[in-house]
Structures are given as structure tokens and as C-alpha cells.
Amino acid sequence: MSWLSSSQGVVLTAYHPSGKDQAVGDSHAKRGEEATSSRRYGQYTMNQESTTTKVMEKPPFDRSISQDSLDELSMEDYWIELENIKKSSENRQEDQEVVVVKEPDEGELEEQWLKEAGLSNLFGESAGDPQESMVFLSTLTRTQAAAVQKRVETVSQTLRKKNKQYQIPDVRDIFAQQRESKETGSGGTESQSLRTNENEYQGRDDEASNLVGEEKLIPPEETPAPETDINLEVSFAEQALNQKESSKEKIQKSKGDDATLPSFRLPKDKTGTTRIGDLAPQDMKKVCHLALIELTALYDVLGIELKQQKAVKIKTKDSGLFCIPLTVLLEQDQRKVPGTRIPLIFQKLISRIEEGGLETEGLLRIPGAAIRIKNLCQELEAKFYEGTFNWESVKQHDAASLLKLFIRELPQPLLSVEYLKAFQAVQNLPTKKQQLQALNLLVILLPDANRDTLKALLEFLQKVIDNKEKNKMTVMNVAMVMAPNLFMCHALGLKSSEQREFVMAAGTANTMHLLIKYQKLLWTIPKFIVNQVRKQNTENHKKDKRAMKKLLKKMAYDREKYEKQDKSTNDADVPQGVIRVQAPHLSKVSMAIQLTEELKASDVLARFLSQESGIAQTLKKGEVFLYEIGGNIGERCLDDDTYMKDLYQLNPNAEWVIKSKPL
């Protein structure tokens, strides 16, 4: 990519490696001609009046790191897709509603942030005894605590300016109290076991971070991409801060396309990997609170502004298929198919594309005819739920265009109004690893309906990429075509300069690339967050126990009798080193299993399924799972590679239950 300038403006030119225009179907030649009239072969003109140009050594504005990694790639697919979107919007303008994004008042965003982080009782009319938040605050890292403190102070100042007479506790006092309680309190055995690996992994992580950010791009045939572990045991913000503290020099910025990206992987965790969907709702709520605080802390440490948007509620259609909020669409679908988590029309469009074969050249890139797409939309709205729509009449490229249209026309973006800007800002983080860490937290924060639909989309896109030898759609091609559909929410009516649009194009294409390539990693809940939830639960149990003892004493019950009962429920007459596994919905008999160093969750399940009698005979692997229930966790589905002895040591008071996953 070269940079040309004149006294009038800037021209950016990207070389198209294929060296020729792609042939496309129905009206595609005309579309290509129009789309490239101002940007032929990726040329994007910032000032059309420029007549004389000269080569500059540097661009007149800073380019994002993500943009650098596209220097050898053509952006033509992106701009052509953008042109198609604009044409599609013109054809369906009458059906679209614009979401008004409210400009928040001073301190309003911080107040909303504290509510979403589960800390609303620190301010305003709901302000109460700071002790109520002590348990939660006591589990935070130093960077998380700093993020909370910063927001509380902003809200405090704003409320004082508005002369609101609310109780505003000084967050520094709260953290001072929780530090004192840590110093004076005993019983650190369990919390120590939750912190064991932090220091051990820190050095390894600093070492690994040096693998990211090589200045020179090396062809894949010369050197294979290095493998880098993603450390999930230490807070991401703490890792970033430690890296900054240990290296005073400027953090290197990572570059590279798919071939030169380090191959990130999850290291094996003996206590088991926790994925989204594995935890009980009450624990998942705590995970989301902590993920928001952690994301904010990470952005704070790296000096990136994180601002959530707040959408004003608007009137939307309450039935149909397109331009319908995801939640409304799912409620509608669940009346037809109970338990549906992904919109039925979305599932059907994907299956229609797959039926046509994923080897079709230009799949997702070549659009269907705009008029035909508009007619299909109207026909689908009328006939889809009646079951009378003729799917055989839908061409494969039409189905792909309808899928992208569905995503674009959601009244609120698939990546959510609240976090769309945070997703867009991922490109500004210094290293690819930090970008992945931020995406991991953002995926956790998405509403369930958005997250499930995004997952289905990414899994489908990966299938398309798996056929790249025939369909000519590499991960970067797919990313460039899909990025404007996900990241540029036209329903929000956001306007941007052409200069910003170019930077956004390259950055969001790279972020889309990361979402596709590392989707399995992104649906993992970091262990340090699960450990924080365990600490919260442990402290809450202690608090509840103390309250119960006080109540029993006040009611003149026999305290000794209560303690004896409490002890017996914990011991459950199980010998040391043995766990009792139950399957209450499947079998009346429980199994006593001796713990060994090598015993895994998969071994426990295999033993249960090998029983010669009862319902176990009819079950297959993948239909039931082993759960860790109680103790310092609400409920957690265990992955097959969980080492039972290690997990037992982490949560000795848990019960072990075999059951199916809830829908």
C-alpha cells in the first residue's frame, strides 16, 4: 500500500494481489464498475479535487496497528461490500428505523457502569452500608479496584455538582477497610489455593508477550507461526500493567496477517476449562460484573477510552423477521419451537447456503440482485411461519445476501449498542494478545441472544473458510466482507469522515478476523474470574453462616446441635480421598469413586455409562455431563479433561452430580 499526497488531500492505494477483477453473477459487473469508479483496485480518495501528487514517507495522520497488517492485502472486497450495503439500504429505506443514541450527561455513563458492575449500592438513592459491597470489593485486583475507584469518584463529583444530598461513600475508605480485613482475617487456606498459580504464570506470560509484535513480517513458508499460551490465571489488566512496569520502553505494536499471527492457544488447566454456558445463572451474573470491571481496567491501563453507548428506546415492529429486536424474534420463535436460542430464520438461511455447497466461488462476497432480495424479504415475511415459502427458489448468493441483511437490519447491532464502540476500539490495543483478551471479555458481556447468534454466525463462517481452496474465500476475505455488516451499524445513523472510515475499515476487518479465528478461545471464561467468583461465594457463605448462628442464638436454639448438623452435612460419611457421585434423575444408586492423580471427569462418566442396568444403558456420551455443585461454586459443568483430585482440592465441599445440560 502506498501513500500519495498533494496540497489538496490524500490518496491511499492498495494493490490487489489477484491483478484482475472478479467475475460476478447477476448485475455484478455493473455493481463492480460503480463501486470501483472512485476506488478502482482499492483506491480510496480523500479529496477528489486533487490533481498533482507526490510520494510521502509518512501519512499525515496516524494509522492504526490493524491497518498496518493489511498493507499487503486489498481492501477492495470491503469497499464493494460497503457499496452493496448502501444500495440495499436505498431499496429498503422505508422499512428501517433509526436508533437514536442519547448523548449522556456528565457522570451518567459512570453511574450506569457502576450499576452494570453490580455496585449501584455505592451511590445515589440506593446507597447503603458500604459493608454490603465489602465481599465483592475484597476479591478485586489492584487494577480492577482502581477502575472502580475512578468511576465512583466521577459519580461522586457529579452528584455534588447537582446538589444531590445522596450518601456518597469514599471508595478509598472502602478499599482501606477491605485491606485491613484481609490483613487481620485468617482462614486463608482456600483463598490461597485460588491464587497459587498467579506468580508462577506471570513470568511465563511476560515471556510469551515478547513473541507478539515482531516488526518484520516473515513469509509462512520460511518460519511457522509461534505458539503462544493465553494466560487465563492472571488478570489481563494486571498482565498489561506488569508488562508496562517491567518494560519502560514503548510497547511494540503487533503486525501481521493470518500467516504471521502467533498461534494463540489455551494451556491445559487441571481443574478444567470453564466455557460460557457451564455456570449457573447466579454465578454467570457475577462473571459479567467482573468482566465489565476487568475490561474497563484493561482499557484504563492501556490508555484506551472505553465509552458505552446508551440507546433510547424506540418503537419497533413486534412481529415479522427483519428489523425485529433479537429478543422479540426469539420469543416469537420459542412459541413455535420451545427452547430455541438462535432465530429460526437465521438458522434456515445458513442451512440454505450450506445446502448449495460451501465450495461455491465468491460465497458471501457475490451479492444477489437487489430487487430480487427485496421481493424475497417481503415473501418471507408473509410465508415463513406458515411454512409455505418455497426455499427451492432461493439462490445461494441470495440466501447469503439475506443473511447479511438480517444482521444489518437488527434494530440494535448484533454486537449490542452498549458495547459496539468497545468492539471497534479493540483495534487500538497494542498487541494481538491484548486484543484477544478484550474480545474474550466483550463476548462474555454480550446479552445471551446476541452471543448465541454471534456464535452460530462465526461457526458458519469458519465452515466457509474451511473450503477456501475452492471458494477462494480466505479468513481475511470473509473478514473484510462481514466486518461492515457487523461493525458499521447503519441503524444508529452514525456519521464518520472518510479518513476515519478508512481506519475503521482496516481495524474492524482485523477484529473480525480475530473473532473468526479464535472463536473457541473467546467463549472461555478466564480462570481468574471464576476464582474471583469462588472467593465471593466463600465469603458470602461465611457471612450467611455467622448470621445464621446469631439468629439461632437469639432464638435460644441449641448452638451445639446446629454445629453438629452442619458438620455432618459437610462430611457426609465419605472416607478421605473418595467422592460420591450421584445421578438423581437417572439412577437411584450413587457411586463411590476413589480419587487418583490421573482420574478425569471423562473417566467418571464412562464408569457411569458402563453400568449394565437402568437408564444409563440408553445414554450416550455427550448426552450427560458431570457437574460440580455447591461449596464455593453454584454449579459448573466439567469438561472431560478435568482432573478430579485437583478440583476436589480446590472445592472440597462440592457435590458431584451427573445430569444433562439444561436447554
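Residues numbered from 1 in each chain as written. Predicted model: local features only at pLDDT ≥ 70, side-chain atom pairs only at ≥ 80, totals over all residues. Heavy atoms only, no water.

### A short note on the nonpolar core
The nonpolar side chains of a soluble globular protein tend to be buried with one another.
Link 1 in the chain: In terms of nonpolar packing, the biggest core is built from 127 residues, with Y299, L364, L402, L461 and M512 touching the most fellow members.
Link 2 in the chain: The biggest single contributor to this core is helix α11 (residues 281-301), with eleven residues.
Link 3 in the chain: Not counting residues within four places of it along the chain, the set of residues in contact with Y299 comprises I304, E305, L306, A422, A425, V426, L429, A438 and L442.
Link 4 in the chain: Listed in part, the 23 residues of the second largest apolar core include M591, L605, V624 and W656. (Core = buried A, V, L, I, M, F, W, Y, C linked by side-chain atoms within 4.5 Å. Buried < 20%, exposed > 50% of the residue type's maximum accessible area, 1.4 Å probe, protein only. Helix = DSSP H or I, 4+ residues; strand = E, 2+ residues; numbered from the N terminus. Contact = heavy atoms within 4.5 Å.)

### What to know about the packing of aromatic side chains
The geometry of two aromatic rings is summed up by the distance between their centres and the angle between their planes.
Link 1 in the chain: Following the criterion strictly, the structure yields seven aromatic pairs and no others.
Link 2 in the chain: Ring plane angle 50 degrees and centroid distance 5.6 Å describe the contact between F346 and F406, whose orientation is recorded as tilted. Of this pair, F346 sits in helix α13 (residues 344-355) while F406 sits in helix α15 (residues 396-408), and the two are 60 residues apart along the sequence. Taken as a pair, F346 and F406 share a single burial class, namely buried.
Link 3 in the chain: Relative to Y385, the ring of F384 lies with its centre 5.2 Å away and its plane at 70 degrees, an arrangement referred to as edge-to-face.
Link 4 in the chain: Note on F384: relative accessible area 15%, which makes it buried.
Link 5 in the chain: The residue whose ring lies beneath K270 is Y643, and the NZ or CZ to ring-centre distance is 4.8 Å. (Phe/Tyr/Trp six-rings, centres within 6.5 Å; stacked < 30°, edge-to-face > 60°. Lys NZ or Arg CZ within 6 Å of the ring centre and 35° of its normal.)

### Examining helix α17 (residues 432-445)
Think of an α-helix as turning once every 3.6 residues; residues three or four places apart then point the same way.
Link 1 in the chain: Helix length check: α17, at 14 residues, gives a terminal C-alpha distance of 20 Å against a target of 20 Å (1.5 Å per residue), a fit within 8%.
Link 2 in the chain: Among the 14 residues in α17, 14 count as buried, and that is most of the element. (Expected span 1.5 Å × (residues − 1).)

### Looking at the sheet that holds strand β13 (residues 655-659)
Link 1 in the chain: Pairing is mixed in the open sheet, where five strands are placed in the order β10-β9-β13-β11-β12. Strand pairing shows two members of the sheet lacking a second neighbour, β10 (591-594) and β12 (633-637), which therefore form its edges. Sheet twist, expressed as the average angle between the axes of neighbouring strands with direction ignored, equals 30 degrees.
Link 2 in the chain: Bridge analysis of strand β11 (residues 625-630) against β13 gives five bridges, and the strand direction is antiparallel. Bridge pairing in β13 links I629 to E655.
Link 3 in the chain: Along the sheet, helix α25 (residues 601-609) contacts β9 (578-582), β10, β11 and β13; its crossing angle with β10, the most-contacted strand, is approximately 140 degrees. (Pairing = 2+ DSSP bridges. Axes fitted to C-alpha atoms, helices over the stretch in contact; angles between N-to-C directions.)

### What to know about the pairing of β9
Link 1 in the chain: Bridge count between β9 and β10: four bridges; the pairing is antiparallel. Along β10, the bridge assignment pairs I579 with I593.

### Let's talk about the environment of I345
Link 1 in the chain: The topology assignment puts I345 in helix α13.
Link 2 in the chain: By relative accessible area, I345 is classed as buried at 0%.
Link 3 in the chain: A C-alpha to C-alpha distance of 8.9 Å links I345 and F406, two positions 61 residues apart in sequence.
Link 4 in the chain: Ignoring sequence-local partners within four residues, the contact set of I345 consists of L321, L329, L380, F384, W391 and F406.

### Describing unusual backbone geometry
Link 1 in the chain: Residues other than glycine seldom take positive phi values, yet L364 does so here, at roughly 80 degrees.
Link 2 in the chain: Mapped onto the elements of the fold, L364 is located in the loop between α13 and α14 (370-383).
Link 3 in the chain: Using a relative accessible area of 1% as the deciding quantity, one classes L364 as buried.
Link 4 in the chain: The residue S416 is not glycine, and still its phi comes out positive at about 75 degrees.
Link 5 in the chain: Looking at the secondary structure, you find S416 in the loop between α15 and α16 (420-425).
Link 6 in the chain: The class for S416 is buried, based on a relative accessible area of 3%.

### Here we look at the pattern of salt bridges
Link 1 in the chain: Counted according to the given criterion, the structure contains 24 salt bridges.
Link 2 in the chain: In this structure, D269 and K527 form a salt bridge, with 3.2 Å as the shortest nitrogen-oxygen distance. Taken together, the residues span a long stretch of sequence, with D269 in the loop between β7 (263-265) and α11 and K527 in helix α23 (residues 527-554) at a distance of 258 residues. The burial state of D269 is the same as that of K527; both residues are buried.
Link 3 in the chain: With a closest N to O distance of 3.0 Å, R636 and E628 form a salt bridge.
Link 4 in the chain: Since its relative accessible area comes to 2%, R636 is described here as buried. (Salt bridge = Lys/Arg side-chain N within 4 Å of Asp/Glu carboxyl O.)

### Focus: the side chain of T511
Link 1 in the chain: Inspection of the secondary structure assignment puts T511 in helix α21 (residues 498-517).
Link 2 in the chain: Excluding its chain neighbours within four sequence positions, the residues that come into contact with T511 are F423, V426, Q427, L439 and F487.

### As for the environment of V481
Link 1 in the chain: With respect to the helices and strands, V481 occurs in helix α20 (residues 475-487).
Link 2 in the chain: Not counting residues within four places of it along the chain, the set of residues in contact with V481 comprises D77, E81, L364, R365, K404 and M473.

### Quick notes on the side chain of Q144
Link 1 in the chain: Summarising the element assignment, Q144 is placed in helix α6 (residues 142-161).
Link 2 in the chain: The class for Q144 is buried, based on a relative accessible area of 0%.
Link 3 in the chain: Here Q532 takes part through its side chain, which lies 2.8 Å from a polar atom of the side chain of Q144. (Polar contact = N/O pair within 3.5 Å; in protein donor to acceptor, adjacent residues only side chain to side chain.)

### Things to note about the packing of helix α4 (residues 108-116) against α6
Link 1 in the chain: Running from N to C, α4 and α6 point in directions that differ by 130 degrees, and their axes come no closer than 9 Å. With respect to their mutual orientation, α4 and α6 come out oblique. The interaxial crossing formed by α4 with α6 has left-handed handedness. Contacts between α4 and α6 involve E110, E111, W113 and L114 on the former and, on the latter, A147, V148, R151, V152, T154, V155 and L159.
Link 2 in the chain: Classifying every residue of the contact of α4 with α6 gives seven nonpolar, one polar and three charged. (Parallel < 35°, antiparallel > 145°, perpendicular 65-115°, else oblique. Left-handed = near helix turned anticlockwise from the far one by under 90°. Nonpolar A, V, L, I, M, F, W, Y, C, P; charged D, E, K, R; others polar.)

### Description of the pairing of β12
Link 1 in the chain: Of all five residues in β12, four are buried; the element is thus mostly enclosed.
Link 2 in the chain: Across four bridges, β11 lies against β12 in antiparallel orientation. By the bridge assignment for β12, G630 is matched with I633.
Link 3 in the chain: Taking the residues that link successive antiparallel strands as the turn, the β11-β12 hairpin has two residues, and the phi of G631 there is positive, at about 75 degrees.

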